[in-house]
Amino acid sequence: MSFANTFYNALVKRNSVYVTSIFAGAFAFGVSFDLGVSSFWDNWNKGKQWKDLRAKYVQDEE
Amino acid sequence: MATALSFRKALSAPPTVRTLASGVPSAPLVNLSVRSPAGHGHGHHGAVGPRSDLPAKFAGSVSLSTSSGLVSRSFTGAQTSGVTQHRLLHTTAVVKDAPNVPNFEPYQAKSSDNNRALSYFMIGSLGVLSASVAKSTVTEFLASMSASADVLALAKVEVELASIPEGKNAIIKWRGKPVFIRHRTQSEVEEARSTDWKSLRDPESDESRAKKPEWLVMLGVCTHLGCVPIGEAGDFGGWFCPCHGSHYDISGRIRKGPAPLNLEVPQYDFTEGDEKLIIG
Amino acid sequence: MLSRLPASSLQSLRLSANAHSSSLLTTTVRNVSRVRYVSSNSGASSGAKSFLDSRVTLASATLFAVGSVAWYTHLYGSLPFFGEVHANSPAEEGLHPQPYPWSHNGLFDSFDHASIRRGYQVYREVCAACHSLDRIAWRNLVGVSHTADEGKALAEEVEYEDGPNDQGEMFQRPGKLSDYMPPPYPNEEAARAGNGGALPPDLSLIVKARHGGPDYIFSLLTGYVDPPAGFEIREGMNYNPYFPGNAISMARVLFDGLVEYDDGTPATTSQMAKDVTTFLNWASEPEHDERKKAGLKAVILFSALTAISLYIKRFKWSVIKSRKIIYNPPADKTHH
């Protein structure tokens, strides 16, 4: 109840704040979603991708 | 006053009404068309049209018969289906306030504050996701207009500097245009640097044109009409354009002839150790 | 004609005739066959009715029907009730390859890049003798299976014709990252002449271009066997059950220990076939990894958008759907 009111009063009450927070949220969401999906992807495909193999061949040459 | 009289007669009819299959109420011997006499009663002037709760004309008629007095007939266009209902007057269902409208109370929000916050949160989330998706769409679309990978791969050229001896020109192709690379001798460097460049047509110092004094890198396209100048020729020991006679000096600056500008210097860089020149 | 009708229909005919005659007499009170009260719905029949009418029944029946067809199609490879006509016998189409568990099969699976690197080695040492790979440039290997320096070194092993130079002559120079993989033959005629009239296809898109994809390539490479008795095979041709027509010009090329992998993987025939197939699959679909990643993002985002849109649709409509319209008849002013 109080959380709902806090949310409403902090973000929604003024439309300018609401719209601004939506765009700021979109930016933050875009970055974090990319990071999240990438980390899932890298975790799922651990050891298969080139970035996991690259160190081996770079060290071999030196 | 026959109507008033027969009205009274008709009241003796049995208080039974039934509904025909066509939906028309049938009340034999009850005269529904009877209107209250004009002028009777108080407060209103004259009869006001037919009563709105009467069946239509096609549904029945009233006539006066000598034998049985007033007779009311109900007509029906549709044949009865064989199943008819007896509805006695007292069986009429109780009129509800709004029959068949469900009660929505169980669906009403328990807390209007929570409900409001949730609604705004969902609308805000839709906005966040849509903005994010729209941004990605626009970015990807714009990215599709940039140069493709095979073009970018050709956009840089590496030149082995050791293959160009001192005092020699090398011409290489870069993005379809010739690029002059001049390994200048010490005297040429001094000549280029000692020129009073402020009085030239396109004033540029040699220091600003060559990153390393012994290497001069320029696009080999005459700034006049785009011919390719000839190296080690012309009045100033640099380049000479055979098309219209523009003379460039050993720093590629225009000195004589119709060309308006110095030969263009592309973006270039040296690798560490000065082994290679990367143009682009 | 009437005699062919069942007795009950005759009876109902008579009944309706009765009803017809009686309806003419509007004053007659007729016997009714059924009395309907206000609450005429009996409990038992309403249960059966609501079962037949319900959306759950409809949805589950649809799901059942679609599921049965899908199951049949999966089991037998063709839709039920739709016959298929084939111009070729199964032998002419080639044996259907068995599905193999490729490391990039799953929705979230990227290519195994170590396998791509080994596969490139197999291609370079074995396949490249006859097959070109026109659409792959050296730069494509960089960041996929080789470092930039390795890529440059590989490219410089090959001489490319460039020019014209300032004398107007073509000249040879070592390859650069932007150059494409060199073809083994200068043109199609030379390729046919060197292979008994058969053209070794370009391998850039071979995995996409063959029915069965990587399974087919792997099966073909490992599927060379002796022809069955009675199968005539011409001189210079080889028997392979997976190849359409079963007679293929390419002989078996992969044998155990043919190449030596730099990561120490034992070079068995099937290992090499798997690696080179993975490499060729990458060559056909270099965008594969990015595509699956972007697809994952798109599915998540659009599912979320759909769900929230549905919520907001219900939210916006709730006002309209829950409103009551009540008619208050005007007071009759003719009477008091």
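Residues numbered from 1 in each chain as written. Chains lettered and ligands numbered in written order. Predicted model: local features only at pLDDT ≥ 70, side-chain atom pairs only at ≥ 80, totals over all residues. Heavy atoms only, no water.

J.: Describe the overall build of chain B, with residues and values.
T.: Helix and strand counts for chain B stand at five helices and 13 strands. Every one of the 280 residues in chain B was classed for burial, and the buried ones make up 31%. In chain B, the share of contacts with a sequence separation of at least 24, taken over all contacts with a separation of at least 6, comes to 50%. For chain B, the exposed surface amounts to about 17400 Å²; the carbon and sulfur share of it is 58%. (Helix = DSSP H or I, 4+ residues; strand = E, 2+ residues; numbered from the N terminus. Buried < 20%, exposed > 50% of the residue type's maximum accessible area, 1.4 Å probe, protein only. Contact = heavy atoms within 4.5 Å. Areas by Shrake-Rupley, 256 points an atom, 1.4 Å probe, with all protein chains shown as cover.)

J.: Explain the overall build of chain C residue by residue, including any values.
T.: Secondary structure assignment for chain C yields 12 helices and four strands. Within chain C, the proportion of its 336 residues that are buried is 31%. Long-range pairs, those at least 24 residues apart, make up 59% of the contacts in chain C with a sequence separation of at least 6. A total accessible area of about 22000 Å² is found for chain C, and carbon and sulfur atoms account for 59% of it.

J.: Tell me about the state of the cysteines, and name the residues and values.
T.: Scanning all chains against the criterion turns up one disulfide over all chains. Its sulfur unpaired, Cys222 of chain B is 3.7 Å from the next cysteine sulfur, which belongs to Cys241 of chain B. We note that Cys127 of chain C lacks a disulfide partner, and the nearest cysteine sulfur, in Cys130 of chain C, lies 9.1 Å from it. Judged by its relative accessible area of 16%, Cys127 of chain C is buried. (Disulfide = S-S within 2.5 Å.)

J.: Give a detailed account of the interface of chain A and chain C, specifying residues and quantitative values.
T.: At the junction of the two partners, chain A supplies 18 residues and chain C supplies 25 residues. The junction of chain A with chain C conceals about 1900 Å² of combined surface from both sides, 67% of it contributed by carbon and sulfur atoms. With a closest N to O distance of 2.9 Å, Lys297 of chain C and Asp34 of chain A form a salt bridge. Scanning the region where chain A abuts chain C turns up nine residue pairs in polar contact (both at pLDDT 80 or more). Listed by contribution, the elements that provide at least two residues to the side of chain A that touches chain C are helix H2 (15–44) and helix H3 (50–61) of chain A. Sort the elements by how many residues they give to the side of chain A that touches chain C and H2 of chain A lands first, with eight residues. (Buried area = accessible area lost by both parts, 1.4 Å probe. Salt bridge = Lys/Arg side-chain N within 4 Å of Asp/Glu carboxyl O. Polar contact = N/O pair within 3.5 Å; in protein donor to acceptor, adjacent residues only side chain to side chain.)

J.: A description of the pattern of salt bridges should follow, citing residues and the corresponding values.
T.: Residues and elements named next belong to chain C. Within this structure, the stated rule accounts for 19 salt bridges over all chains. Arg192 is the partner of Glu188 in a salt bridge, and the nearest nitrogen-oxygen pair spans 3.2 Å. Taken together, the residues span about one helical turn, with Glu188 and Arg192 both in helix H8 (residues 188–194) at a distance of four residues. Taking the relative accessible area as the measure of exposure, Arg192 reaches 35% and is therefore partly exposed.

J.: Account for the confidence of the model for chain B, naming residues and giving values.
T.: Residue and element names in this part refer to chain B. Taken residue by residue, chain B gives an average pLDDT of 75. The fraction at 70 or more is 73%. Scored below 50 in pLDDT, residues 1–15 makes 12 contacts in the model with residues more than four places away or belonging to other chains. In the predicted structure, residues 38–47 sits below a pLDDT of 50 and forms three contacts with residues beyond four places in sequence or in another chain. (pLDDT = per-residue confidence, 0-100.)

J.: For the packing of aromatic side chains, give the residues involved together with the corresponding values.
T.: In this structure the tally under the stated criterion is 19 aromatic pairs over all chains. Arranged with centres 5.3 Å apart and planes meeting at 85°, the rings of Phe40 of chain A and Phe108 of chain C form a pair that is edge-to-face. On the criterion of chain membership, the pair formed by Phe40 of chain A in helix H2 and Phe108 of chain C in the loop between helix H4 (90–93) and helix H5 (113–125) is interchain, its members lying in two chains. Classification of Phe40 of chain A as partly exposed rests on a relative accessible area of 31%. Residue classification places Phe108 of chain C among the partly exposed residues on the basis of a relative accessible area of 26%. Their ring planes at 70° and their centres at 6.5 Å tell us that Tyr100 of chain C and Trp102 of chain C sit as a pair that is edge-to-face. The exposure class of Tyr100 of chain C is partly exposed, given its relative accessible area of 21%. By way of ring pairs, the aromatic residues Tyr120, Tyr123, Phe279 and Trp282 of chain C are connected into one cluster. (Phe/Tyr/Trp six-rings, centres within 6.5 Å; stacked < 30°, edge-to-face > 60°.)

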